[in-house]
Amino acid sequence: MDIAIQKKAQSFRLPVELIERLKKLARKENRSLNNYVECALIELAYSEPNEETRAAFEEAKTGKLQGPLDVSSVEAMYKSMGL
(Lines give C-alpha, C1' and ligand atoms only; values in the text may rest on other atoms or scores of the structure.)
Protein backbone atom coordinates (compact mmCIF):
# COMPACT_ATOMS: atom_id res chain seq x y z
CA MET A 1 0.00 0.00 0.00
CA ASP A 2 1.50 3.33 -1.10
CA ILE A 3 0.42 6.20 1.13
CA ALA A 4 1.16 9.63 -0.33
CA ILE A 5 2.17 12.28 2.17
CA GLN A 6 0.61 15.60 1.40
CA LYS A 7 3.04 18.50 1.39
CA LYS A 8 2.53 22.21 1.09
CA ALA A 9 5.09 24.75 -0.09
CA GLN A 10 5.79 27.45 2.48
CA SER A 11 8.10 30.40 2.39
CA PHE A 12 10.14 31.62 5.39
CA ARG A 13 12.44 34.58 5.89
CA LEU A 14 15.62 33.43 7.61
CA PRO A 15 18.93 35.16 8.27
CA VAL A 16 21.42 34.65 5.44
CA GLU A 17 23.99 33.28 7.90
CA LEU A 18 21.53 30.63 9.08
CA ILE A 19 20.70 29.56 5.53
CA GLU A 20 24.39 29.27 4.67
CA ARG A 21 25.02 27.21 7.82
CA LEU A 22 22.10 24.91 6.97
CA LYS A 23 23.36 24.48 3.40
CA LYS A 24 26.80 23.54 4.72
CA LEU A 25 25.32 20.98 7.13
CA ALA A 26 23.12 19.53 4.37
CA ARG A 27 26.11 19.20 2.00
CA LYS A 28 28.08 17.35 4.70
CA GLU A 29 25.31 14.73 4.74
CA ASN A 30 24.86 14.73 0.94
CA ARG A 31 21.29 15.94 1.30
CA SER A 32 19.30 18.77 -0.20
CA LEU A 33 18.67 21.85 1.90
CA ASN A 34 14.94 21.14 1.77
CA ASN A 35 15.36 17.56 2.98
CA TYR A 36 17.78 18.57 5.73
CA VAL A 37 15.48 21.30 7.09
CA GLU A 38 12.36 19.11 6.77
CA CYS A 39 13.98 16.30 8.76
CA ALA A 40 15.26 18.71 11.42
CA LEU A 41 11.80 20.23 11.82
CA ILE A 42 10.13 16.81 12.00
CA GLU A 43 12.55 15.74 14.72
CA LEU A 44 11.96 18.95 16.65
CA ALA A 45 8.18 18.85 16.30
CA TYR A 46 7.62 15.17 17.07
CA SER A 47 10.26 14.18 19.60
CA GLU A 48 9.13 14.47 23.19
CA PRO A 49 11.24 13.50 26.18
CA ASN A 50 10.14 10.46 28.17
CA GLU A 51 9.10 10.66 31.84
CA GLU A 52 12.62 9.97 33.17
CA THR A 53 14.11 12.73 31.03
CA ARG A 54 11.38 15.20 32.06
CA ALA A 55 12.10 14.39 35.71
CA ALA A 56 15.82 15.00 35.14
CA PHE A 57 15.03 18.37 33.53
CA GLU A 58 12.94 19.35 36.55
CA GLU A 59 15.67 18.23 38.95
CA ALA A 60 18.22 20.31 37.07
CA LYS A 61 15.92 23.36 36.99
CA THR A 62 15.33 23.25 40.74
CA GLY A 63 19.04 22.97 41.49
CA LYS A 64 18.56 19.84 43.59
CA LEU A 65 21.60 18.14 42.06
CA GLN A 66 23.78 16.46 44.65
CA GLY A 67 27.17 18.11 44.16
CA PRO A 68 29.38 18.36 41.09
CA LEU A 69 29.23 15.81 38.32
CA ASP A 70 32.50 13.95 37.60
CA VAL A 71 32.65 13.43 33.84
CA SER A 72 36.18 12.07 33.66
CA SER A 73 34.74 8.65 32.78
CA VAL A 74 31.37 6.97 32.50
CA GLU A 75 31.98 5.05 35.71
CA ALA A 76 32.98 8.22 37.59
CA MET A 77 29.91 10.02 36.27
CA TYR A 78 27.58 7.26 37.45
CA LYS A 79 29.29 7.22 40.86
CA SER A 80 28.93 11.01 41.25
CA MET A 81 25.26 10.65 40.33
CA GLY A 82 24.76 8.08 43.07
CA LEU A 83 24.05 5.25 40.66
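Structure shown above.
Before going into details, it helps to say that this report is about the structure given with it. What you see is a predicted model; the values in this text were computed from it and never measured. (Residues numbered from 1 in each chain as written. Predicted model: local features only at pLDDT ≥ 70, side-chain atom pairs only at ≥ 80, totals over all residues. Heavy atoms only, no water.)

A few points about the overall build of the protein
Point 1. Check the secondary structure of the protein and you find four helices and zero strands.
Point 2. Element order for the protein, N to C, with α for helix and β for strand: α-α-α-α.
Point 3. Counting the 83 residues in the protein, one finds 5% classified as buried.
Point 4. For the protein, the exposed surface amounts to about 8,200 Å²; the carbon and sulfur share of it is 57%. (Helix = DSSP H or I, 4+ residues; strand = E, 2+ residues; numbered from the N terminus. Buried < 20%, exposed > 50% of the residue type's maximum accessible area, 1.4 Å probe, protein only. Areas by Shrake-Rupley, 256 points an atom, 1.4 Å probe, with all protein chains shown as cover.)

Overview of a positive patch on the surface
Point 1. Residues Arg21, Lys24, Arg27 and Lys28 make up a contiguous surface patch of positive charge.
Point 2. Positionally, lysine 24 belongs in helix H1 (residues 16-28). (Patch = residues over 30% accessible without salt bridge, like charges linked within 9 Å, V, L, I, M, F, W, Y side chains within 5 Å. Salt bridge = Lys/Arg side-chain N within 4 Å of Asp/Glu carboxyl O. Lys, Arg positive; Asp, Glu negative; His and termini not counted. Charge placed at Lys NZ, Arg CZ, Asp CG, Glu CD.)

Focus on the pattern of salt bridges
Point 1. Applying the stated criterion across every chain yields a total of five salt bridges.
Point 2. In this structure, the salt-bridge partner of glutamate 29 is arginine 31, at a minimum N-O distance of 2.5 Å.

Quick notes on the layout of surface pockets
Point 1. Reported here for the largest pocket is a volume of approximately 700 Å³.
Point 2. It is helix H2 (residues 33-46) that contributes the most residues to the lining of the largest pocket, eight residues altogether.
Point 3. Of the residues belonging to the lining of the largest pocket, the class tally is twelve nonpolar, four polar and three charged. (1 Å grid on protein atoms, 1.4 Å probe; cavity = no way out; pocket = protein on both sides within 12 Å on 5 of 7 lines; lining within 4 Å. Points joined across faces, edges and corners; volume = space filled by probe spheres on them. Nonpolar A, V, L, I, M, F, W, Y, C, P; charged D, E, K, R; others polar.)

Regarding the packing of H1 against H2
Point 1. Axis separation between H1 and H2 bottoms out at 9 Å; the angle between their running directions is 100°. In terms of axis orientation, H1 runs roughly perpendicular to H2. Contacts between H1 and H2 pair Ile19, Leu22, Lys23, Leu25 and Ala26 from the former with Leu33, Tyr36 and Val37 from the latter.
Point 2. Broken down by class, the residue content of the contact of H1 with H2 amounts to seven nonpolar, no polar and one charged. (Axes fitted to C-alpha atoms, helices over the stretch in contact; angles between N-to-C directions. Parallel < 35°, antiparallel > 145°, perpendicular 65-115°, else oblique. Contact = heavy atoms within 4.5 Å.)

The values are spatial; any link to function lies outside them.
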